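Residue-level structural notes
What follows is the residue order along each chain.
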Amino acid sequence: MGEMRPDRKKTIPFVLIFLVVFGIMNVLIYRQFMQKQVSEVGYNVFMKMIDEKKIKEASVTSTYILFNDADGNTYKTGLMEDSELYERLYKSGATFGAEIVEPMNPLLYYAITFGVQILLLIIVWKIISRRLMKKIGDDPDMMSFSMSGGKGRGTGRIYVKSKNDVRFRDVAGEEEAKDLLSEIVNYLHEPEKYTEIGATLPKGALLVGPPGTGKTMLAKAVAGEADVPFFSISGSEFVQMFVGMGAAKVRDLFKQAKEKAPCIIFIDEIDAIGKKRDSSLSTNDEREQTLNQLLSEMDGFEGNTGVVILAATNRPESLDPALLRPGRFDRRIPVELPDLKGRIDILKVHAKKIRISENVDFETIAKTASGASGAQLANIVNEGALKAVREGRKVVQQEDLMESVEVVIAGYQKKNKILTNKEKLVVSYHEVGHALVAAMQTQSAPVTKITIIPRTSGALGYTMQVDEDERNLMTKTEIMNKIATLSGGRAAEELIFNEITTGASNDIEQATKLARAMVTRFGMTDEFDMVAMEVVTNQYLGGDTSLACAPETQTKIDHMVVEIVRTQHARAKEILQQNVQKLHEIAKHLYENETITGEEFMDILNSSENTLLNGSSEE
């Protein structure tokens, strides 16, 4: 269930009443307990109180004497051999022989009083809660509704006022999605324009795309532009332990939405309740009942109710077909990763929130952050601001944002990671091997930076390549060049040290993945032509793959993948052998400076001066 946040000013009086009642109860219980305590005194004190006629009652047992004074205090003393005891008590005016009850054990007393106290507090809180809920129900700016099912019953706040100032101008990089959603805004503003011509707006729009692309923000922007109530709830909140509770929540949600129409219902991560129904053993009855209720409620909508349903997911292939048919979620709005222009716009939007230098080049940063989502770009801007603060600057500079791109991609620099001279030399040749193979090939992205500073991602160094233009397609030659570049680090180790290290593990993984995709998905081999041997699922969550072919075919695929990687590895080694003097020269410069830019790399590569470094012996 959601969390309910009532107005603080309205809750303060009830909280104060609760605290006052709690304090008074504790004081009364404490005083009552202290009054019933027994003070143990000596027999001489008992005799003195008899002489001073301060004893009101006395009870003599076989082992001790209990007596009270005029103030009601109880005392206890041991029994002594005193033949004149009763006579002295009689003369003092005390009443003796009466039964005086000794107070109970303190621990038992506290247990009983504490239980009574808790019971009373619960009663008081119930009274306060009822009054509070009544006030919340009368407040037009808030709404809470009960979600009941079976014996369980709860309340959750899922209504968010549309005065959150989120508009389309706050969502950059998704122009196509905003254009598609603007029609919903127009419908909510002027529904009569559609009803006059007989048109009906789609009841549901499904936002699909990778995580961090702004699906939730787009839904809020629609509500903000339309200035209507915005119901927001996650799909996982519908799924409960007991069958029927989720369906009851769906009914209550749509009931309240109809009362607040025109409005928007936004269901985030709808795949939690909208998965395909099947007859497998893992079927969840509660989830299926919730899905059936959702389908029923969407069918029950009329075209002019003014209720629009938006939903978001990054697993559209897992949704039930009944949910996607016309009349339900029949409009699918892709929210993809932003292109170059989109990344520039997103960076500018988030840069408005910080103090930034006027000479910042957003285009360069956007090119470096190719493939980043909107959330990652926001993080890049924030990391740049944090770096500026750490270094004592009042404004964010270009180098701050460029460094923050590397932080998001490769992690922070590891200051406590110390490489030996031998390891540092190996990493230098490894990274220069990547860069040199890339530079010596056509149709390869230019090298912009080489570093051997370890990062928190586990990388001991990396080579950054940035395309000059936005790329949407890769040719077979470009993929081959990419595999050769990935093989350049291992090839440099073999050529210079006649030894190999574990530093190429990530390169091997990426090269194998590309080679396998060429064979099984891209149809770039003569053996299989244009036949797909692999199926991709969860394309927005990393793209899991599974082979869809016979075991014999899988064996052929493995042989072809190995051959592609082996061929490009040999090609990379040949390139480095032909340019071994440049390999020594650039590796020496990188070893001494730890980081070189793309311009420095190209200057050394194009220079005629060759300074040799004995890489096989220096440590």
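About the thresholds
Residues numbered from 1 in each chain as written. Predicted model: local features only at pLDDT ≥ 70, side-chain atom pairs only at ≥ 80, totals over all residues. Heavy atoms only, no water. pLDDT = per-residue confidence, 0-100. Contact = heavy atoms within 4.5 Å. Buried < 20%, exposed > 50% of the residue type's maximum accessible area, 1.4 Å probe, protein only. Helix = DSSP H or I, 4+ residues; strand = E, 2+ residues; numbered from the N terminus. Pairing = 2+ DSSP bridges. Axes fitted to C-alpha atoms, helices over the stretch in contact; angles between N-to-C directions. Expected span 1.5 Å × (residues − 1).

Focus on the confidence of the model for the protein
Counting all residues, the mean pLDDT for the protein is 79, and 79% of those residues have values of 70 or more. Contacts of residues 1-7 to residues separated by more than four positions or lying in other chains number 20 contacts, the stretch itself having pLDDT below 50. Counting contacts from residues 136-157, a segment whose pLDDT is below 50, to residues more than four positions away or on other chains yields 57 contacts.

Some details on the pairing of strand 15 (residues 462-465)
Side-chain direction in a regular strand flips from residue to residue, so the side chains alternate between the two faces of the sheet. Side-chain alternation along strand 15 places Y462 and M464 on a buried face and T463 and Q465 on a face that remains uncovered. Here strand 14 (residues 447-451) runs beside strand 15; their pairing, made up of 4 bridges, is antiparallel. Paired with T451 across the strands is Y462, a residue of strand 15.

As for the sheet that holds strand 18 (residues 595-597)
Note on sheets: strands pair through backbone hydrogen bonds, and any given pair is parallel or antiparallel. The 3 strands are arranged 15-14-18 in an open sheet whose pairing can be described as antiparallel. This sheet does not close on itself; its edge strands, each paired only once, are strand 15 and strand 18. Between one strand axis and the next, the sheet turns through 10° on average, direction left out of account. Bridge count between strand 14 and strand 18: 3 bridges; the pairing is antiparallel. Counterpart to T451 in the pairing with strand 18 is T595. Against the sheet, helix 19 (residues 580-593) touches strand 14 and strand 18, its axis set at about 120° to strand 18.

Some points on the environment of A272
Tracing the backbone shows A272 in the loop between strand 11 (263-268) and helix 9 (285-300). Assessed through its relative accessible area of 23%, A272 is described here as partly exposed. Separated by 38 residues in the primary sequence, A272 and S234 place their C-alpha atoms 8.5 Å from one another.

A short note on the pairing of strand 12 (residues 307-313)
Counted residue by residue, strand 12 has 7 buried out of 7 residues, so it is predominantly covered. Side chains of strand 12 alternate between two faces, with V307, I309, A311 and T313 and V308, L310 and A312 buried alike. Summarising the sheet, strand 9 (residues 204-208) and strand 12 pair through 5 bridges and their orientation is parallel. The residue of strand 12 that forms the bridge with A205 is L310. One ladder, built from 5 bridges, connects strand 11 with strand 12; its direction is parallel. In the strand pairing of strand 12, F266 is matched with L310.

Thoughts on helix 8 (residues 245-259)
Across its 15 residues, helix 8 extends 21 Å between first and last C-alpha, which sits within 8% of the 21 Å expected from 1.5 Å per residue. Within helix 8, 11 of the 15 residues are buried, leaving the element largely enclosed by the surrounding structure. Among the residues of helix 8, those classed as buried are M245, G246, A247, A248, K249, V250, D252, L253, F254, Q256 and A257.

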